[in-house]
Amino acid sequence: MGSGTSLGKVRGLGSSHAGAHHWLLQRFTAIGNVVLTIWLVTSIMLLPDLGYATVSGWISQPVPATAMILLVICTFWHARLGLQVLIEDYVENSGTKFGVIAALNLAVIGGGAFAIFSVARLALGGAA
């Protein structure tokens, strides 16, 4: 690099404020994960037993089903944000980076949709 000023060395490398939104979302999802995980562990500990009938009866109530779906969304979103940063930092080839981020998005959407479908099916009484 040349002997220019510090500002001249970084000019044209991108916006310095573009990552704040991503960083805040990651922190908000982390807080949501902590709160909802504490709720989940406490709720499971308060159940009389951990049999299928008891747990499916509990999850079929509106509040636990809604909170569980929120936990699924928050967890998958948080995982996607963290893995996206990891990919952006360590995958150098732009084509490979695009492919890996596309695969990540598909995995997160697929896994989240399957988890939400499973909770909704239990909540609506369609247990197999």
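Since the structure is predicted, the reported quantities are computational estimates derived from the model, not experimental observations.

Novice: Just checking my understanding: could you explain the overall build of the protein chain for this structure?
Specialist: In terms of helices and strands, the protein chain carries five helices and zero strands. Listing every helix and strand of the protein chain by position from the N terminus yields α-α-α-α-α. Here the protein chain holds 128 residues, and 23% of them are scored as buried. Long-range pairs, those at least 24 residues apart, make up 68% of the contacts in the protein chain with a sequence separation of at least 6. As displayed, the protein chain has an accessible area near 8900 Å², and 72% of this comes from carbon and sulfur atoms.

Novice: Please explain the side chain of Gln-26 as it appears in this structure.
Specialist: With respect to the helices, strands and loops of the structure, Gln-26 is situated in helix 2 (residues 20-46). At 3.5 Å, the side chain of Gln-26 forms a polar contact with the side chain of Arg-27. Filtering out sequence-adjacent residues up to four positions away, Gln-26 remains in contact with His-78, Leu-81 and Gly-82.

Novice: Explain the packing of aromatic side chains to me, please; I cannot follow it from the model alone.
Specialist: Each aromatic ring pair is described using two quantities: the centre-to-centre distance and the angle formed by the ring planes. This model, assessed by the stated rule, comprises one aromatic pair. Measuring from ring centre to ring centre gives 5.6 Å for Trp-39 and Trp-58, while their planes differ by 25 degrees; the resulting arrangement is stacked. Here Trp-39, found in helix 2, pairs with Trp-58, found in helix 3 (residues 52-59); they are 19 residues apart in sequence, far enough to count as distant. The exposure class of Trp-39 is partly exposed, given its relative accessible area of 23%.

Novice: Got a minute to help me understand a nonpolar patch on the surface in this structure?
Specialist: Together, Trp-23, Leu-24, Phe-28, Ile-31 and Val-35 make up an exposed nonpolar region whose accessible area comes to about 540 Å². Look at Phe-28 and you get exposed, because its relative accessible area is 54%.

Novice: Quick question: what am I supposed to make of the nonpolar core here?
Specialist: Among soluble globular proteins, nonpolar side chains are generally buried collectively. Counting ten residues, the largest nonpolar core is built from Leu-36, Leu-40, Leu-47, Trp-58, Ile-59, Ala-65, Ala-67, Met-68, Leu-71 and Val-119. Looking at this core, the elements with two or more residues in it are helix 2, helix 3 and helix 4 (62-90). By residue number, the principal contributor to this core is helix 4, which donates four residues. Ignoring sequence-local partners within four residues, the contact set of Ala-65 consists of Ile-59, Val-119 and Ala-123.

Novice: So what exactly am I meant to see when it comes to helix 5 (residues 94-123) here?
Specialist: Note: α-helices contain 3.6 residues per turn, so residues at a spacing of three or four share the same orientation. Relative to the 44 Å expected for 30 residues at 1.5 Å per residue, helix 5 spans 43 Å between its end C-alpha atoms, a close match to the ideal helical length. Close packing links the buried residues of helix 5 with helix 3 and helix 4. The backbone nitrogen of Gly-95 has a side-chain oxygen 3.1 Å away, supplied by the residue at the start of helix 5, namely Asn-93. Within two residues after helix 5, Gly-125 carries a phi angle of roughly 85 degrees, on the positive side.

What counts and how
- Residues numbered from 1 in each chain as written.
- Predicted model: local features only at pLDDT ≥ 70, side-chain atom pairs only at ≥ 80, totals over all residues.
- Heavy atoms only, no water.
- Helix = DSSP H or I, 4+ residues; strand = E, 2+ residues; numbered from the N terminus.
- Buried < 20%, exposed > 50% of the residue type's maximum accessible area, 1.4 Å probe, protein only.
- Contact = heavy atoms within 4.5 Å.
- Areas by Shrake-Rupley, 256 points an atom, 1.4 Å probe, with all protein chains shown as cover.
- Polar contact = N/O pair within 3.5 Å; in protein donor to acceptor, adjacent residues only side chain to side chain.
- Phe/Tyr/Trp six-rings, centres within 6.5 Å; stacked < 30°, edge-to-face > 60°.
- Patch = residues over 30% accessible without salt bridge, like charges linked within 9 Å, V, L, I, M, F, W, Y side chains within 5 Å.
- Salt bridge = Lys/Arg side-chain N within 4 Å of Asp/Glu carboxyl O.
- Core = buried A, V, L, I, M, F, W, Y, C linked by side-chain atoms within 4.5 Å.
- Expected span 1.5 Å × (residues − 1).

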